[in-house]
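Next come the chains, spelled out residue by residue.
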Amino acid sequence: ETICLMNTGSCTAQITFQLLFEDDSAPMVVEGIEVKSMRSKHIRMDWLEAYDAKIPVGVPYSLVVESTENVVVEYSRLNWIDGEATTFGLMAYHE
């Protein structure tokens, strides 16, 4: 699973992820993500160690994205469950 953050504004965006889990796990906050002006950043959700975070394996979660600037968020997933690679993506938009 990968999150692509696109900042088309004129200022650096400070991004925070809040992960909400399906089980009884406490919400997880991931801070310190920066996306410079007119840039994108791709973040693999299984490689969050750079932000001192690690998602529990096998626990479904939802993601809340907060930003100091307007950004576009694209979520994509590569699924290998059936032994065949399939991918899908979706883009969220909010004003």
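Quick caveat: nothing in here was measured; it's all calculated off a predicted structure.

Conventions used here
- Residues numbered from 1 in each chain as written.
- Predicted model: local features only at pLDDT ≥ 70, side-chain atom pairs only at ≥ 80, totals over all residues.
- Heavy atoms only, no water.
- Core = buried A, V, L, I, M, F, W, Y, C linked by side-chain atoms within 4.5 Å.
- Buried < 20%, exposed > 50% of the residue type's maximum accessible area, 1.4 Å probe, protein only.
- Helix = DSSP H or I, 4+ residues; strand = E, 2+ residues; numbered from the N terminus.
- Contact = heavy atoms within 4.5 Å.
- Salt bridge = Lys/Arg side-chain N within 4 Å of Asp/Glu carboxyl O.
- 1 Å grid on protein atoms, 1.4 Å probe; cavity = no way out; pocket = protein on both sides within 12 Å on 5 of 7 lines; lining within 4 Å.
- Points joined across faces, edges and corners; volume = space filled by probe spheres on them.
- Nonpolar A, V, L, I, M, F, W, Y, C, P; charged D, E, K, R; others polar.
- Pairing = 2+ DSSP bridges.
- Axes fitted to C-alpha atoms, helices over the stretch in contact; angles between N-to-C directions.

Student: Is there a simple way to explain the nonpolar core in this structure?
Tutor: The nonpolar side chains of soluble globular proteins are, as a tendency, buried together. Within the largest apolar cluster, 19 residues are counted, with the highest numbers of intra-cluster contacts made by L5, F17, L19, V30, I33 and L48. Going through the elements one at a time, β1 (2–7), β2 (13–21) and β3 (28–35) are the ones with two or more residues in this core. In terms of residue count, β2 provides more of this core than any other element does, five residues in total. Leaving out residues up to four positions away in the same chain, V30 has contacts with I15, T16, F17, L19, L48, Y51 and A53.

Student: Before we go on, may I ask you to explain the pattern of salt bridges in this structure?
Tutor: A side chain of one charge can pair with a side chain of the opposite charge if their charged atoms are brought near each other. Across all of its chains, the model carries two salt bridges by this definition. Residue K54 is joined to E49 by a salt bridge in which the shortest nitrogen-to-oxygen separation is 3.9 Å. With a relative accessible area of 42%, E49 lands in the partly exposed category.

Student: Would you explain the layout of surface pockets in this entry?
Tutor: Take a probe with the size of a water molecule and roll it over the atoms, and the empty space left behind shows itself. Taken as a whole, the largest pocket holds about 440 Å³ of empty space. In terms of lining, the largest pocket is formed by 19 residues, of which the most central are E1, M45, D46, I55 and Y61. Considering each element in turn, the lining of the largest pocket owes the most residues, three residues, to strand β6 (residues 72–79). Tallied by class, residues from the lining of the largest pocket come to 10 nonpolar, three polar and six charged.

Student: Teacher, can you tell me more about the sheet that holds strand β5 (residues 61–67) here?
Tutor: One open sheet accounts for three strands, arranged β3-β2-β5; its pairing is antiparallel. Lying at the two open borders of the sheet, with one neighbouring strand each, are β3 and β5. Strand-to-strand twist in this sheet, taken as the mean axis angle between neighbours without regard to direction, amounts to 25 degrees. Pairing of β2 with β3, which is carried by six bridges, proceeds in the antiparallel orientation. Looking across to β3, one finds that A13 is bridged to V35.

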